[in-house]
Amino acid sequence: MKRNKMLTAMLAAALAFGTMELGGAAALTPTGTTMIARVTGATPAGETLPNPNQTAVNYNVGGTDLGIIWDKGGGQYFVAFGDTNDSAGNWSRSNVLAISSDTNLANGLSFDTMIQSSPGYAKEILSSKKINNDEMTVIPTAGVTVGSRSYIHYMSVNHWGSSGRWYTNYSGIAYSDDNGQNWTKSPTVKWNNNTSTWDSHFQMAAFLKDSGFVYMYATPNGRFGDVYLARVPENGMLNIGDYRYWDGNGWQASESAARPVSIGVTGELSVAYNSYFHRYIMTYLNEDRQAIVMRDAATPVGPWSGEKILVPGNFTGLGQYNAFMHPLSNGGPDLYFIMSTWYPDYNTHLMKATLTSDMLGDNPISDPSFETQTATPVMAPWYVTGEGGIDRNLGYARTGANNGYVRNGSGWNAIKQRIVVQPNTNYTLKGWVKTSANNTEGYFGARLPNDGAVIGETHFASLSGYTELAVPFNSGSNSVVELYAGLWANGGTWLQLDDVSVTRDDNLVGHAGFESQPTASLTSPWYANGNAGVDRNLGFSHTGANNGYARYDSGWNAIKQEVFVEPNTDYTLTGWVRTSSNNNDGYFGARLPNGGAVLNETHFAGLPNYTQLTVAFNSGNHHSVEIYAGMWATGDTWIQADDFRLTKT
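As the structure is a computational prediction, the values presented were derived from the model and not from experiment.

### Some points on the overall build of the chain
Thinking step 1. For the chain, the count of helices and strands is 1 helix and 41 strands.
Thinking step 2. Expected size for 649 residues packed as a compact globule is a radius of gyration near 26 Å; at 26 Å, the chain falls within 12% of this value.
Thinking step 3. Over its C-alpha atoms, taken along the principal directions, the chain stretches across nearly 80 × 70 × 45 Å.
Thinking step 4. Sequence separation of 24 or more characterises 64% of the internal contacts of the chain that already satisfy a separation of 6 or more.
Thinking step 5. As displayed, the chain offers around 22800 Å² of accessible surface, 48% of which is attributable to carbon and sulfur atoms.
Thinking step 6. Separation of charge centres in the chain, based on 39 positive and 54 negative side chains, amounts to 4 Å.

And the structure:
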């Protein structure tokens, strides 16, 4: 993205993982990363890679970056690039666009053409002022095609900062109705940045088209922010009011409600669904780890696995960044992606890795066994308070070659990592710890970030051999927690940590007992048909203080929630319901969202006491379902519902 954005000195990162099994789901690990071909630029002296496009000669594109690729329909793909220089090295264009119909990526990615303003000159498709501290450039960050209209998410860069940092005025949507020849910036679909704090969450993006929606994964400007999520119906891309923002449990209309789905150091994001593995894949540059990494998940909202290294930092020595996945990768184990390099050649390359199933599942901890640490001082994604680091190949690990440690003569010393959690959800943290004989004040647990309030921990003293510790905790209203293993040192005191995992309670329903609902009106993740709400502290609940209800004298009235599921999977839904005596047409079940087809439901009439209802269903080829309890009212009719539970069978 320009010279200010080149990576800092590369540090090696080994592509290795521990032998533990931490999750029940088959997650993914990339292996065998290789460079296939050059995509843009001229072939440097001595390079033997294929260079099918010869963009320096054919389109006067001597150097460029990114290479965001998406399916434009009709057997063709758009490939959008960032700041572009000409064959003489002059920075002349903020962005350019190619079209490809190449389906054989084993020998490179060939263009059919590039959009041109004159023969042999690739056109700048989105204009910019090119004025520093005003609008230095306009750079595409994502693309998607819906029907015959194509969309680009772009950022307006105010100025460049230090390495990995830049500052944006706003991000927005541009669209084309003529096969990419001309693009119009929407005047209303913008996410304005605060030019004092530069903290908008939606300045860079990745698009994912899924189940009638376009999901927009986004980060703040630069490479050091968390990942947030919005979605919009496919036909609402140009209506800013149609976007809804993920709050950790459900969708809200306010951008300020957004909570992260992935935490950390995220630059140049790409997201795709792999139908071969039935997993969503997220790739990005982690500047702190000096590596391009990937996460994967069973649903578009997560939980996202910990990071796995896709391209280690020493892969080329060229300052590589981004991994924009080719849609042709989405149906098999071969992952093709476009990667950028900065030094000495500012250009893009086609890469390939092979995805293999692992048993890390949805464990959100990155590097849970410390096996991708390449040198003791290299801690990311782990970090320490006090004194600590990584034991590498010293024979101290429980499994694999490495483990984390802290050691000091005094004070609090801890090894830590932050993860994203679903608010108001139960989790279990596990890890294996051993200590020096003189340890008396060790703690393993979860707390709010920056050594905040403890939400769950266990105390331990001397542990002469690796001992598994387990800590249950509830995330409360939080979407990010800090995990830690630490001790108060008492003269040469140490602990060693290995094989750490976090698992979520298997109930997929958010606010399942309505205890976290803040008002008498249903709020995210619950919503209503007709007249429905929350009985708060009225003594009507099955357990706890609150319950949901629906009540009216006519029509359909229901309590509902969209829950994300794995396709073609069996689920069991249970809930406790009671009704007014005149109810004779109640239904409890699961259907497709927005009033879609019923997957299964049970009918109920009058239930004078709370009665557990059960419905089994298969999700079919769907990524989310709508669970509901409702009734057709005849006169003043009501139902009360509590303690929902949805689990895989």
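### Some points on the packing of aromatic side chains
Thinking step 1. According to the stated counting rule, one finds 33 aromatic pairs in the structure shown.
Thinking step 2. Here the aromatic rings of Phe370 and Trp382 are separated by 4.7 Å at their centres, their planes lie at 25 degrees, and the arrangement is stacked. With a gap of 12 residues between them, Phe370 in the loop between strand E25 (347–358) and strand E26 (383–385) and Trp382 in the loop between E25 and E26 connect regions that are remote in the sequence.
Thinking step 3. Judged by relative accessible area, which is 3%, Trp382 ranks as buried.
Thinking step 4. The ring centre of Phe224 lies 4.1 Å from the NZ or CZ of Arg165, which sits over that ring.
Thinking step 5. Across the ring face of Tyr154, the terminal group of Lys185 is positioned such that the distance to the ring centre comes to 5.5 Å.

### Here we look at the sheet that holds strand E10 (residues 137–146)
Thinking step 1. Judged by pairing direction, the sheet is antiparallel, and its 4 strands sit side by side in the order E10-E11-E12-E13 without closing on themselves. Two strands lie at the open edges of the sheet, namely E10 and strand E13 (184–192), each paired on one side alone. Taking each pair of neighbouring strands and ignoring which way they run, the sheet shows an average axis angle of 25 degrees.
Thinking step 2. Examined bridge by bridge, E10 and strand E11 (residues 149–160) share 9 bridges and lie antiparallel to one another. Looking at E11, one finds that Pro140 is bridged to Tyr154.

### Topic: the environment of Ile139
Thinking step 1. Its location among the elements puts Ile139 in strand E10.
Thinking step 2. You can call Ile139 buried: its relative accessible area is 0%.
Thinking step 3. Separated by 32 residues in sequence, Ile139 and Ser171 place their C-alpha atoms 9.4 Å apart.

### Regarding the pairing of strand E20 (residues 279–286)
Thinking step 1. The buried fraction of E20 is high, at 8 of 8 residues.
Thinking step 2. Residues of E20 alternate between two faces, with Arg279, Ile281, Thr283 and Leu285 on one and Tyr280, Met282, Tyr284 and Asn286 on the opposite face, all of them buried.
Thinking step 3. Relative to E20, strand E19 (residues 262–274) is paired through 6 bridges, and the arrangement is antiparallel. By the bridge assignment, Gly267 is partnered in E20 with Leu285.
Thinking step 4. Taken together, E19 and the strand that follows it, E20, pair antiparallel across an intervening segment of 4 residues, in which His278 is found at a positive phi of about 60 degrees.
Thinking step 5. The sheet contact formed by E20 and strand E21 (residues 291–297) spans 7 bridges and is antiparallel. Paired with Thr283 across the strands is Met294, a residue of E21.
Thinking step 6. Connecting the antiparallel pair E20 and E21 is a turn made up of 4 residues, with Gln290 showing a positive phi of about 55 degrees.

Reading guide: rules and limits
- Residues numbered from 1 in each chain as written.
- Predicted model: local features only at pLDDT ≥ 70, side-chain atom pairs only at ≥ 80, totals over all residues.
- Heavy atoms only, no water.
- Helix = DSSP H or I, 4+ residues; strand = E, 2+ residues; numbered from the N terminus.
- Rg over C-alpha atoms; globule rule 2.2 N^0.38 Å.
- Contact = heavy atoms within 4.5 Å.
- Areas by Shrake-Rupley, 256 points an atom, 1.4 Å probe, with all protein chains shown as cover.
- Lys, Arg positive; Asp, Glu negative; His and termini not counted.
- Charge placed at Lys NZ, Arg CZ, Asp CG, Glu CD.
- Phe/Tyr/Trp six-rings, centres within 6.5 Å; stacked < 30°, edge-to-face > 60°.
- Buried < 20%, exposed > 50% of the residue type's maximum accessible area, 1.4 Å probe, protein only.
- Lys NZ or Arg CZ within 6 Å of the ring centre and 35° of its normal.
- Pairing = 2+ DSSP bridges.
- Axes fitted to C-alpha atoms, helices over the stretch in contact; angles between N-to-C directions.

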